[in-house]
Amino acid sequence: RVSTFYIWKKGQEIGKFTKFHRNMEFLPIESPNFSGRIDTRPLIDNSQFFLYTAGVKKTIFFLCYFSIAGFFILFSANCNLSKSEPPPSECRPEFTVPLREPGEHYLDFMAVGDAGTGTAGQKWVAGFMEAYAGKNPVEFVLYLGDNFYPHGVTAIDDPRFQSQFEEIYDKRVLNIPFYVVAGNHDYEGDVPAQVAYTEKSSRWRFPGLYYTFTITRNGHDLVQFFAIDTTPIVKWYDINEQIDRLIDELSRSIATWKIIFGHHPIFSNGKHGDYYRMKVLILHILEAFDVDIYISGHDHDLQILKPSRKNGVYCIVSGTGASYRDTWCRENSIYAASRLGFVAFRVSESEIAIFVVLNEGNIDYCYVISK
């Protein structure tokens, strides 16, 4: 199949090119379920010059691409020689926790990533989750990848399923679904075995590498969740089918809220930082279909980040399911912390309350998004 990529300049389409190099492609805009065009100006960083037109030869593309990439690498390296990284920082503004409204039919769920170590850190966070679920009607968990360190699982009967999942999260309290996505460490092992384990576990929900499910209230679609498989995206694998499926499902969604979850972040102020391919390929789809929140792990910290544009997508990082690393409070930060914990959500028709939960299930911060 041939995918077409449209180039825009100052809001005007000035050309396009098609898929041309093995599995490498950009946004497959031509889809039977999506007739619009996604503004891809951030791909060229709003440059005032861009040489590609329809029918550009790949030789010219690669010369330009790698020349520009090399320039920015050298430029960045030179800047780093004269300007050191600021020390890690956290931010936690003042907050209030909204009360539950009588008669409102809420959805409560939790999200945690990078948990699968089997160590004391994972057990501590599991205890935090159990404490929070003991006080709130939590219905499920989004399990955000890197489910089994260090190299995934080897087969469906791998003992890690017991020692790094089943035995960690107490069934007496957390006898609820865990909706799973794969992380980069999982891809070092047998990911299909993780998918197949869905048939053996009453809690493990991993029906496919990417999938969707919907929560209804009063006969109405309150939230539709979309699980995406981010490792193929950031590793430059062929993602035609996944992107087409995501566009198709989003175009048909009638839910009040749309939430995407995957392993790698789009934006992050942690160790790994932003992911270019996630910004170029995924962010614009989410913005085009009015997705409200993207939840990820990968960076071992806790972050709530502002949308990159008005009415855009809030990005949540919840990657301290077993350990934590430094993070930085920057201009797009609402909250940032390097601590063991997870993020919880309470959803109604009119708002989503986002809770950062730490020791003993206590709320460290709350941020509210309203419709």
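Look a little higher up for the structure.
Residues numbered from 1 in each chain as written. Predicted model: local features only at pLDDT ≥ 70, side-chain atom pairs only at ≥ 80, totals over all residues. Heavy atoms only, no water.

Residues of strand β7 (residues 211–217) alternate between two faces, with Tyr211, Phe213, Ile215 and Arg217 buried on one and Thr212, Thr214 and Thr216 left unburied on the opposite face. Bridge analysis of β7 against strand β8 (residues 220–227) gives seven bridges, and the strand direction is antiparallel. Within β8, the position partnered with arginine 217 by the bridge is histidine 220. Following β7, the chain reverses through two residues before pairing antiparallel with β8; asparagine 218 in that reversal takes a positive phi of roughly 55°. (Buried < 20%, exposed > 50% of the residue type's maximum accessible area, 1.4 Å probe, protein only. Helix = DSSP H or I, 4+ residues; strand = E, 2+ residues; numbered from the N terminus. Pairing = 2+ DSSP bridges.)

This next bit is on the side chain of glutamate 166. Inspection of the secondary structure puts glutamate 166 in helix α3 (residues 160–166). A polar contact is formed between the side chain of glutamate 166 and the side chain of serine 201, at a distance of 2.9 Å. Among residues more than four places away in sequence, those in contact with glutamate 166 are Phe161, Lys171, Tyr197, Ser201 and Arg203. (Polar contact = N/O pair within 3.5 Å; in protein donor to acceptor, adjacent residues only side chain to side chain. Contact = heavy atoms within 4.5 Å.)

The next point concerns the nonpolar core. Within soluble globular proteins, side chains that are nonpolar tend to cluster in buried spots. Counting 71 residues, the largest nonpolar core has Leu142, Phe225, Phe261 and Ile295 as the members making the most contacts within it. Those residues in contact with phenylalanine 225 that sit more than four places away from it in its chain are Leu107, Phe109, Phe140, Leu142, Tyr211, Thr212, Phe213, Ile215, Ile259 and Phe261. Residues Leu246, Leu281, Phe289 and Cys315 belong to the second largest nonpolar core, which totals 25 residues. (Core = buried A, V, L, I, M, F, W, Y, C linked by side-chain atoms within 4.5 Å.)

Right, let's talk about the sheet that holds β7 for a bit. Pairing in this open sheet of seven strands is mixed, and the strands run β7-β8-β9-β10-β12-β11-β13 from one edge to the other. Edge positions in the open sheet fall to β7 and β13 (333–337), since each of these has one partner strand only. Averaged over neighbouring strand pairs, the angle between their axes works out to 15° when direction is ignored. Summarising the sheet, strand β11 (residues 302–305) and β13 pair through four bridges and their orientation is antiparallel. Looking across to β13, one finds that leucine 305 is bridged to serine 333. Against the sheet, helix α6 (residues 240–252) touches β7, β8 and β9 (257–261), its axis set at about 170° to β8. (Axes fitted to C-alpha atoms, helices over the stretch in contact; angles between N-to-C directions.)

Before going further, it helps to spend a moment on the pattern of salt bridges. Counting across every chain of the model gives 13 salt bridges. Between aspartate 248 and arginine 252 there is a salt bridge, with its nearest N and O atoms 3.3 Å apart. On the criterion of helical spacing, the pair formed by aspartate 248 and arginine 252 is a turn pair, its members being four residues apart in helix α6. Between arginine 252 and glutamate 249 there is a salt bridge, with its nearest N and O atoms 3.4 Å apart. Note that arginine 252 and glutamate 249 are positioned in helix α6 at a spacing of three residues, about one turn of the helix. The network of salt bridges with common partners includes Arg245, Asp248, Glu249 and Arg252. (Salt bridge = Lys/Arg side-chain N within 4 Å of Asp/Glu carboxyl O.)

As a further point, take the packing of aromatic side chains. Per the stated rule, a full pass over the model turns up 26 aromatic pairs. Pairing phenylalanine 165 with phenylalanine 178 gives two aromatic rings, centres 5.0 Å apart and planes at 90°, and the pair type is edge-to-face. Of the two residues, phenylalanine 165 sits in helix α3 while phenylalanine 178 sits in strand β5 (residues 178–180), which places them 13 residues apart along the sequence. Phenylalanine 165 gets classed as buried once you look at its relative accessible area, which sits at 0%. (Phe/Tyr/Trp six-rings, centres within 6.5 Å; stacked < 30°, edge-to-face > 60°.)

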